[in-house]
Amino acid sequence: MATPVIETEGLTKIFGRLRSPKLAVDHIHFRVEPGQVYGFLGPNGAGKSTTIRMMLNLMHASDGKALIFGEDPRKKPEILFRVGSLVEGATFYPYLRGWDNLKVVGNSRGGFDEARAKQLLQFVGLVGSERVRVKAYSTGMKQRLGIAAALLNNPDLVILDEPTNGMDPSGIREMRQFIRDLAYKYGKTVFLTSHLLSEVQQTSDRVAIINKGKIVVEGLIEELLNQEEQLEAEVGSLEQAKTALQERWQVAHSTVPNEHNKLRIKASRNDAPSIVRRLVEQNVDVFSIAPIRQSLEDYFLEVIGDDSAQPSISPLPTGANRHA
Amino acid sequence: MLNLFRAEWKKTTGNRLLVGCTVWIFPAFGCAAVMLFSIILLASGEARQEFIADPPRWDDIGVGVWGIANFPISRLFLISFAATLFAGEYQYQTLKSVLPGNQRLQLIVTKFVTMTAFIVMAFIAMIVILVAGFGIVCLIFGADYPPSLTGSSVGEFLSDLLLNASITFASTLIFAGIAALVSILTRSILFGVMASVFLALLESLGLIFGLVIIAAITRIESVTDLYLLTPTYNSANILQWVNENAPSPPIVEGRGTLGLWESVAVLGFWVILMVGLSVFSFQRQDIQ
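Residues numbered from 1 in each chain as written. Chains lettered and ligands numbered in written order. Predicted model: local features only at pLDDT ≥ 70, side-chain atom pairs only at ≥ 80, totals over all residues. Heavy atoms only, no water.

In this section: the overall build of chain A. Secondary structure summary: chain A contains 10 helices and 13 strands in total. Its C-alpha atoms put chain A at 75 × 45 × 45 Å along the principal axes. Counting every position in chain A, which comprises 324 residues, the buried fraction comes to 50%. For chain A, the accessible surface area stands at approximately 15,900 Å², while carbon and sulfur atoms represent 47% of it. Charged side chains in chain A number 40 positive and 39 negative. The centres of these two groups are separated by 7 Å. (Helix = DSSP H or I, 4+ residues; strand = E, 2+ residues; numbered from the N terminus. Buried < 20%, exposed > 50% of the residue type's maximum accessible area, 1.4 Å probe, protein only. Areas by Shrake-Rupley, 256 points an atom, 1.4 Å probe, with all protein chains shown as cover. Lys, Arg positive; Asp, Glu negative; His and termini not counted. Charge placed at Lys NZ, Arg CZ, Asp CG, Glu CD.)

The subject of this paragraph is unusual backbone geometry. The phi torsion of most residues other than glycine is negative, and most of the peptide bonds are trans. The peptide bond linking Pro146(B) to Pro147(B) adopts the cis configuration, its omega dihedral lying at -10°. The topology assignment puts Pro147(B) in the loop between helix H8 (104-141) and helix H9 (151-186). A positive phi angle, close to 45°, is found at Asn154(A), a residue other than glycine. With respect to the helices and strands, Asn154(A) occurs in the loop between helix H4 (139-151) and strand S6 (157-161). Of note in this structure, Glu162(A) is not a glycine but carries a positive phi near 50°. Among the secondary structure elements, Glu162(A) is positioned in the loop between S6 and helix H5 (169-185). Overall, the relative accessible area of 7% leaves Glu162(A) in the buried class.

On to the interface of chain A and chain B. On the side of chain B, 29 residues touch chain A, which itself brings 32 residues to the contact. A buried area of about 2,500 Å², summed over both sides, lies between chain A and chain B, and 54% of it is on carbon and sulfur atoms. Connecting chain A to chain B are 2 salt bridges. With a shortest N-O distance of 2.6 Å, Asp286(B) and Lys13(A) are connected by a salt bridge. Where chain A touches chain B, the interface holds 19 residue pairs in polar contact (both at pLDDT 80 or more). For the side of chain A that touches chain B, the elements supplying multiple residues, two or more each, are strand S1 (6-15) and helix H2 (98-108) of chain A. Residue contributions to the side of chain A that touches chain B peak at 6 residues, all from H2(A). Of the residues assigned to the side of chain A that touches chain B, the class counts are 15 nonpolar, 9 polar and 8 charged. (Contact = heavy atoms within 4.5 Å. Buried area = accessible area lost by both parts, 1.4 Å probe. Salt bridge = Lys/Arg side-chain N within 4 Å of Asp/Glu carboxyl O. Polar contact = N/O pair within 3.5 Å; in protein donor to acceptor, adjacent residues only side chain to side chain. Nonpolar A, V, L, I, M, F, W, Y, C, P; charged D, E, K, R; others polar.)

It is worth spelling out the sheet that holds S1(A) at this point. Residue and element names in this part refer to chain A. Here we have 3 strands laid out as an open sheet, ordered S2-S1-S4, and antiparallel in their pairing. Unpaired on one side and paired on the other, strand S2 (22-32) and strand S4 (63-68) mark the two borders of the sheet. Strand-to-strand, the axes of this sheet are offset by a mean angle of 20°, without reference to chain direction. By the bridge criterion, 7 bridges tie S1 to S2 in an arrangement that is antiparallel. Paired with Ile6 across the two strands is Val32, which belongs to S2. (Pairing = 2+ DSSP bridges. Axes fitted to C-alpha atoms, helices over the stretch in contact; angles between N-to-C directions.)

Right, let's get into the state of the cysteines. All names here are of chain B. A complete count under the given rule lists 0 disulfides over all chains for this structure. The closest cysteine sulfur to the non-disulfide-bonded Cys31 is located on Cys21, 16 Å from its own sulfur. On the basis of relative accessible area, Cys31 is assigned to the partly exposed category, the value being 34%. With no disulfide of its own, Cys138 lies closest to Cys31 among cysteine sulfurs, the gap being 17 Å. (Disulfide = S-S within 2.5 Å.)

As a further point, take the sheet that holds strand S11 (residues 250-253) of chain A. Strand pairing within a sheet occurs via backbone hydrogen bonds; the two strands may be parallel or antiparallel. All names here are of chain A. The 4 strands lie next to each other as S11-S12-S10-S13, forming an open sheet whose pairing is antiparallel. Single-partner strands in this sheet number two, and they are S11 and strand S13 (286-292). Direction aside, the axes of adjacent strands within the sheet are offset by 25° on average. Pairing of S11 with strand S12 (residues 262-266) involves 4 bridges; the strand directions are antiparallel. Each bridged residue has a counterpart across the sheet, and for His253 the counterpart in S12 is Leu263.

To continue, consider the packing of helix H6 (residues 72-91) of chain B against H9(B). All names here are of chain B. At a minimum axis distance of 8 Å, the contact between H6 and H9 shows a crossing angle of 35°. In the crossing of H6 with H9, the sense of the turn from one axis to the other is right-handed. Facing H6, whose interface residues are Arg75, Leu78, Ile79, Ala82, Ala83, Phe86, Ala87 and Tyr90, H9 presents Ser171, Thr172, Phe175, Ala176, Ala179, Ala180, Ser183 and Ile184. Split by residue class, the contact of H6 with H9 holds 12 nonpolar, 3 polar and 1 charged. (Left-handed = near helix turned anticlockwise from the far one by under 90°.)

Residue and element names in this part refer to chain A. Looking at where Thr12 falls in the secondary structure, it is placed in strand S1. Residue classification places Thr12 among the buried positions, given a relative accessible area of 1%. At a separation of 3.0 Å, a polar atom in the side chain of Thr12 contacts the main-chain amide nitrogen of His27. Not counting residues up to four positions away in its chain, the partners in contact with Thr12 are Leu23, Val25, Asp26, His27, Met54, Ala61, Ser62 and Asp63.

What follows deals with the confidence of the model for chain A. When pLDDT is low, close inspection of the predicted coordinates is not appropriate. All names here are of chain A. Residue-level pLDDT values for chain A average 83, and 91% of them are 70 or greater. Ranking the helices and strands of chain A by mean pLDDT puts H2 first, with 93, and helix H7 (residues 221-225) last, with 75. Long-range and interchain partners of residues 308-324, a stretch whose pLDDT sits below 50, account for 10 contacts in this model, where long-range means more than four residues apart. (pLDDT = per-residue confidence, 0-100.)

Next comes the structure, spelled out in structure tokens:
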């Protein structure tokens, strides 16, 4: 069995040990195997970035350890030369040109390979901009330069923390393709965090969901999303429909915004006729009913639920315009 | 380690505003001094006559340059340079890109080495500009430029230069260490500069008055002896021992002084303490 690329054993981080200690990461265990694209998900403040920072030796673990390629980076920091990372947005020396920033990062990580840097600039679409000072770069350009910097030392493991931050839709699409290429074309292992769960669903093989410092679920995406069959029904009266069905089936509102008359029923496709019959018997209008495949976003919300660390958003007063 | 030094060099030379305003200002000051002096000599016949009658010594100019680093105003520039070198990484949040894979000790030592290299380069450039510049001025105005260049005069000059440079540098390193420590702890260039300048001024100007006042109020004269533990006193004391073979006079008549090696030990202790504390803090720190 191959050595896991990442393996955490009871990894824990407590901030402020003396005054009001805060448990940011709580004894987490997970393994990332070679060649996997591993999604690491969680709401803001769940402990994702802290975990990554401990893996990269930027933060000291309060307990437990994170092994990278079977080695503890605290004892053998040079193992991290096999890792490329982009943590919480790309940051550079603003007074240096893009090219000089790559030189600094390359030399800080074992040596600068000029030919590879040129290839990477082409790869991330920054040829021509490398002579411009980074302070003049857009967020998207910085993010692209960050990707190039992360890949400079031809790493076996690429850690991408919110890689699509600040990117436009076409950039996000390119990034999705890029992550796939990293894993399937170039054989890299990718450890990815993102708020764009549809992106994670399309790119990752395996995910872990972390909330309040604990991993609440971990597994292959296919297995997690196919655990339960569901039907979605559009009905005349949601309350009447719920009352009619909840004796036999588990029923919930749709989690999709603006779909107020849609109901999710935990039932198989074969149950659809019985459900329709029951609704019609109870004088509930049925407009449609269809089996649905749960998305990672639905699954994430179901797992995190109201226990999320994010503050809840109050409903807007009637007549107010909703701004994103 | 060499690659880390290359990276550090690039970061530092790339920050032209910082290096220009805090390091290259010293050779620029040297150029300005030579030009100003030439203008005065051109404008005033009296000054010209005095200059020819009592020409400067090139060895005094060269050795005296290191004394400039001990002026409070010069320390301000050097402290700003050190603070920016250390706190800049926090301000630009770049440690997360350059730290993984490296030992923290190597990274911080590289920063101290780079800082040292820049300061040494700046002061050597200043020495060359001032010594050569005043040589040209002497040549133009027909003045002597003693002492004559012989093996012994050059040898003596180099040994004086090395000694003064070492003592000045130890003292600079102490305040650079304070700047580094405060910058690491507060992650702020401004705090690093302010705290170090405050301590530098307190140590070189305020402490002596404070101790004298405390001694007068408490009627315990030995309180003033605490001044013997400061970097400023000990660097001055070492120079006094070497040049005059006698200690620096005490701040209160009749109080004790320190011997040469005692001062060397105190100065060494401060260097190790300040650099050591900044290394220790950086080793233990969580990088956000």
